[in-house]
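Inside the fold
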Amino acid sequence: GQSLEQPSEVTAVEGAIVQINCTYQTSGFYGLSWYQQHDGGAPTFLSYNALDGLEETGRFSSFLSRSDSYGYLLLQELQMKDSASYFCAVRTSRGGGFKTIFGAGTRLFVKA
Amino acid sequence: DGGITQSPKYLFRKEGQNVTLSCEQNLNHDAMYWYRQDPGQGLRLIYYSQIVNDFQKGDIAEGYSVSREKKESFPLTVTSAQKNPTAFYLCASSRGTGDSGANVLTFGAGSRLTVL
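Below: a short report on this structure. Note that the structure is a prediction, hence the values are computed from the model and not measured.

Residues and elements named next belong to chain A. Read from one edge of the open sheet, five strands run β1-β3-β8-β7-β6, paired in antiparallel fashion. Of all the strands in the sheet, just β1 (3-5) and β6 (53-57) have a single pairing partner and so form its edges. Along the sheet, successive strands turn relative to each other by an average axial angle of 20°, direction set aside. Relative to strand β8 (residues 70-75), strand β7 (residues 60-65) runs antiparallel, the two being bridged by six bridges. Residue pairing in the sheet places Phe 63 in a bridge with Tyr 72 of β8.

Structure (structure tokens):
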């Protein structure tokens, strides 16, 4: 089957750096994505890694190690508005075309 | 502006009734998806479609049905066979396959269904 594991909650202070880890188990793996969701809102895309290594987009970076089935999202210079849920998601192809499967999410609390 | 429109935003249903949630996109995306989200939980895939007139079951398809008669539209019907339908339903689309944009899902604002 397919499974993704990420911590349920993380707390950090404003201005700090936080890392949210994700381990996955799936066949037909194509890449790992990260999405942000504020309470009551829709998820929004943050980043995608298809190859090993680090991708940087402003304050956010994402890392993938395909051999370890592991990735992480790194948030720098935390701001209060970063308080949200963060989901890792795997893109897979296993019969029936491509699909994206989400983890249960990590709730990030940013304190002043 | 391009985007995904879901309606209704809030819906109340009596037990035993079918209800259809609308999802329309004007992004010219080939692929469309339906996810269910329960409070404090992740997104679980219900159905997805890569092209018109074709769709596949996701992880929790039982009690749901879809159609894809037009590229722009992917309605979801929650049938009376769905044992616990109260949830937040999210529709998404992507460019399909073949390029990096295919990996980016754009979501609608969601439909919140409550069964009374």
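In the structure shown here, the tally under the stated rule is 16 aromatic pairs over all chains. Considering the side-chain rings of Phe 102 of chain A and Tyr 35 of chain B, the 5.2 Å spacing of their centres and the 85° angle between planes classify their relative orientation as edge-to-face. Placement of Phe 102 of chain A in strand β10 (residues 98-102) and of Tyr 35 of chain B in strand β4 (residues 31-37) is noted, with the two residues assigned to different chains. Here Phe 102 of chain A and Tyr 35 of chain B have matching classes, each one buried. Aromatic pair Tyr 35 of chain B and Phe 107 of chain B: ring centres 6.0 Å apart, planes at 45°, arrangement tilted. Placement of Tyr 35 of chain B in strand β4 and of Phe 107 of chain B in strand β10 (residues 106-107) is noted, with a sequence separation of 72 residues between them. There is no split in this pair, since Tyr 35 of chain B and Phe 107 of chain B are both buried. These aromatic residues form a ring-pair network of at least three members: Tyr 35, Phe 45, Phe 87 and Phe 102 of chain A together with Tyr 33, Tyr 35, Tyr 48 and Phe 107 of chain B. The side chain of Arg 68 of chain B reaches across the aromatic face of Phe 74 of chain B, ending 6.0 Å from its centre. In this structure, Arg 112 of chain B is placed above the aromatic ring of Phe 88 of chain B, and the distance from its NZ or CZ to the ring centre is 4.3 Å.

What holds strands together in a sheet is hydrogen bonding between their backbones, with the strands either parallel or antiparallel. Residues and elements named next belong to chain B. Sheet architecture is open: four strands sit in the order β1-β3-β8-β7, paired in antiparallel fashion. Each edge of the open sheet carries a strand with a single partner, namely β1 (4-7) and β7 (64-66). Adjacent strand axes in the sheet meet at a mean angle of 20° when their direction is disregarded. Pairing of β1 with strand β3 (residues 19-25) involves four bridges; the strand directions are antiparallel. If you follow Ser 7 over to β3, its bridge partner there is Ser 22.

Here the focus is the nonpolar core. Side chains of nonpolar character tend, in soluble globular proteins, to be buried together. Judged by nonpolar contacts, the single largest core of 38 residues is most densely connected at Leu 32, Leu 75, Tyr 86 and Phe 102 of chain A together with Tyr 35 and Phe 107 of chain B. Excluding anything up to four places from it in sequence, Tyr 86 of chain A contacts Gln 6, Ile 20, Tyr 35, Gln 36, Leu 46, Phe 60, Leu 73, Leu 75, Gly 105, Thr 106 and Leu 108 of chain A.

Residues and elements named next belong to chain B. Between Ser 7 and Pro 8 the backbone carries a cis peptide bond, its omega angle lying at -10°. Tracing the sequence through the fold places Pro 8 in the loop between β1 and β2 (10-13). The phi dihedral of Asn 28 falls on the positive side, at around 60°, and the residue is not glycine. A residue is classified by how much of its surface remains accessible, and Asn 28, at 56% relative accessible area, is exposed. Not every positive phi belongs to a glycine, and Asn 53 is a case in point at roughly 65°. Of note, Asn 53 is situated in the loop between β5 (43-49) and β6 (56-57).

Conventions and cut-offs
Residues numbered from 1 in each chain as written. Chains lettered and ligands numbered in written order. Predicted model: local features only at pLDDT ≥ 70, side-chain atom pairs only at ≥ 80, totals over all residues. Heavy atoms only, no water. Pairing = 2+ DSSP bridges. Helix = DSSP H or I, 4+ residues; strand = E, 2+ residues; numbered from the N terminus. Axes fitted to C-alpha atoms, helices over the stretch in contact; angles between N-to-C directions. Phe/Tyr/Trp six-rings, centres within 6.5 Å; stacked < 30°, edge-to-face > 60°. Buried < 20%, exposed > 50% of the residue type's maximum accessible area, 1.4 Å probe, protein only. Lys NZ or Arg CZ within 6 Å of the ring centre and 35° of its normal. Core = buried A, V, L, I, M, F, W, Y, C linked by side-chain atoms within 4.5 Å. Contact = heavy atoms within 4.5 Å.

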